[in-house]
Amino acid sequence: MGLLEGKVALITGAARGIGKAIALKYASEGADVAFTDLVIDENAQKTVEEIAAYGHKVQAYASNAANFEETHEVVEKIKADFGKIDILVNNAGITKDGLMLKMTEQQWDAVLAVNLKSAFNFIHACVPVMMRQKGGSIINMSSVVGVHGNAAQANYAASKAGLIALAKSIGQEMGRKGIRANAIAPGFIETAMTQALPEEVRKEWMEKIPLRRGGTPEDIADVATFLASDMSSYVSGQVIQVDGGMNM
Ligand code: NAI
């Protein structure tokens, strides 16, 4: 029997990258999977097919995680389609890097809205569902830069630090209702987001990683499975760094 047998998971921004790896791993462990992304295009449909191959229910929803109303609407739909929501992974995220002196208000607002407000939106919509079920696991996708900060990423780092504080606060507020909330802080993970970086920046990162390799989306999915499953039933309010031992 899989670690997530009988559970329903909702993952944001899971058409590709880390979110997709989590969706596949969850399905392989027996979960039914609802996921969102900005658009459900051919690539997202392919993701649906790959998840469906594990023999569990899967459905993709087009939804902008940064939009409060859209989020509430999509969570209502998912509740109707799946009957419950046991696991919420706030994974959708973007970068709009720049040094503070050059950072525009738009860069700041967009990153805070997509990375941090989105998690508020989904937690706000899902917590009443989880309360009725008397349990649930919430996982916020933070980053090592949310722990340590990073030059030229003040907006991204602040949003990722916010995701940690949000998880800790929800863990404290909702613990008595059986709801756990934790954060994962990935290091340098090989996805479209990091492939877009210049070669010298990638090299700099590699030199900082004791395990001397970038992480894979599957490395993150393994930890996300632990936090979603009953194996972590006494773990809440934590941030787990999955970064190859990097000490920034
Ligand atoms: P990615 O760019 O490959 O995937 C992000 C997904 O989120 C995409 O499918 C995108 O369409 C979706 N998305 C973007 N804005 C959205 C919105 N407003 N509403 C719904 N979906 C939206 O990125 P990756 O690398 O898979 O990252 C996933 C998460 O992990 C992000 O939160 C990222 O900040 C975080 N992370 C990634 C690291 C890395 O090294 N790749 C390191 C640390 C954290």
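On a predicted model such as this, the values are computed, not experimentally measured, just so you know.

Section: the overall build of the protein chain
Part 1 of the argument: When its secondary structure is counted, the protein chain shows nine helices and seven strands.
Part 2 of the argument: Over its C-alpha atoms the protein chain spans a radius of gyration of 17 Å, differing by no more than 12% from the 18 Å that the globule rule assigns to 248 residues.
Part 3 of the argument: Dimensions of the protein chain, computed from the C-alpha atoms along their principal axes, are close to 45 × 40 × 35 Å.
Part 4 of the argument: Expressed as a percentage of the 248 residues in the protein chain, the buried residues total 50%.
Part 5 of the argument: Put simply, 74% of the contacts in the protein chain that link residues at least 6 apart link residues at least 24 apart.
Part 6 of the argument: Total accessible area on the protein chain is roughly 11,500 Å²; 53% of this is exposed by carbon and sulfur atoms.
Part 7 of the argument: Positive and negative side-chain charges in the protein chain, numbering 24 and 28 respectively, have mean positions lying 5 Å apart.

Remarks on the sheet that holds strand β3 (residues 58-62)
Part 1 of the argument: What the seven strands build is an open sheet, ordered β3-β2-β1-β4-β5-β6-β7; its pairing is parallel. At either end of the open sheet lies a strand with only one pairing partner, and these are β3 and β7 (239-242). Here the strands of the sheet are splayed against their neighbours by 15° on average, with no regard to which way each runs.
Part 2 of the argument: The sheet contact formed by strand β1 (residues 8-11) and strand β2 (residues 32-37) spans four bridges and is parallel. Residue pairing across strands places L10 opposite A34, the latter belonging to β2.
Part 3 of the argument: Sheet contacts for helix α9 (residues 217-228): β4 (87-90), β5 (136-141), β6 (179-186) and β7; angle to β6, the most-contacted strand, approximately 165°.

A closer look at the nonpolar core
Part 1 of the argument: The biggest cluster of nonpolar side chains holds 33 residues, and the ones touching the most others in it are I11, I22, Y26, F35, I51, V89 and I184.
Part 2 of the argument: Secondary-structure elements contributing two or more residues to this core are β1, α1 (17-28), β2, α2 (42-52), β3, β4, β5 and α9.
Part 3 of the argument: A per-element tally of this core places α1 first, with seven residues.
Part 4 of the argument: Here I51 is in contact with A23, L24, A27, V33, F35 and V58, once residues within four sequence places are set aside.
Part 5 of the argument: Counting residues in each nonpolar core, the second largest holds 30 residues, with A34, L88, C126 and I138 among its members.

A word on the site of the ligand
Part 1 of the argument: Contacts to the ligand come from 27 residues, most closely from R16, D37, N91, Y156 and T191.
Part 2 of the argument: At 2.5 Å from an oxygen atom of the ligand is found a side-chain nitrogen or oxygen belonging to D37.
Part 3 of the argument: Measuring from a nitrogen atom of the ligand, one finds a side-chain N or O atom of N64 at 2.9 Å.
Part 4 of the argument: Within the residue set of the shell around the ligand, elements represented by two or more residues are α1, α6 (154-174) and α7 (192-195).
Part 5 of the argument: Per-element accounting of the shell around the ligand gives the leading share, three residues, to α7.

Considering the packing of α1 against α9
For any two helices packed against each other, the geometry comes down to the angle between their axes and how far apart the axes lie.
Part 1 of the argument: The contact between α1 and α9 brings their axes to 8 Å, and the two run at 55°. Our classification of the angle between α1 and α9 gives oblique. Where α1 crosses over α9, the two elements pack in a sense that is right-handed. Each of G17, I18, A21, I22, K25 and Y26 in α1 lies in contact with α9, whose residues at this interface are P217, E218, I220, A221, D222, A224, T225 and A228.

Describing the pairing of β1
Part 1 of the argument: Where burial is concerned, the two faces of β1 agree: the one with V8 and L10 and the one with A9 and I11 are both buried.
Part 2 of the argument: Once you follow β1 into α1 and on to β2, the crossover reads as right-handed.

Describing the environment of Y156
Part 1 of the argument: Among the structural elements, Y156 can be located in helix α6.
Part 2 of the argument: Those residues within four positions of Y156 in sequence are excluded, and the remaining contacts are I94, T95, V111, N115, S143, V145 and M193.

Definitions and limits used
- Residues numbered from 1 in each chain as written.
- Predicted model: local features only at pLDDT ≥ 70, side-chain atom pairs only at ≥ 80, totals over all residues.
- Heavy atoms only, no water.
- Helix = DSSP H or I, 4+ residues; strand = E, 2+ residues; numbered from the N terminus.
- Rg over C-alpha atoms; globule rule 2.2 N^0.38 Å.
- Buried < 20%, exposed > 50% of the residue type's maximum accessible area, 1.4 Å probe, protein only.
- Contact = heavy atoms within 4.5 Å.
- Areas by Shrake-Rupley, 256 points an atom, 1.4 Å probe, with all protein chains shown as cover.
- Lys, Arg positive; Asp, Glu negative; His and termini not counted.
- Charge placed at Lys NZ, Arg CZ, Asp CG, Glu CD.
- Pairing = 2+ DSSP bridges.
- Axes fitted to C-alpha atoms, helices over the stretch in contact; angles between N-to-C directions.
- Core = buried A, V, L, I, M, F, W, Y, C linked by side-chain atoms within 4.5 Å.
- Near = heavy atom within 4 Å.
- Polar contact = N/O pair within 3.5 Å; in protein donor to acceptor, adjacent residues only side chain to side chain.
- Parallel < 35°, antiparallel > 145°, perpendicular 65-115°, else oblique.
- Left-handed = near helix turned anticlockwise from the far one by under 90°.
- Right-handed = clockwise from strand over helix to strand, strands pointing away.

Limitation: the analysis is restricted to geometry and does not speak to function.
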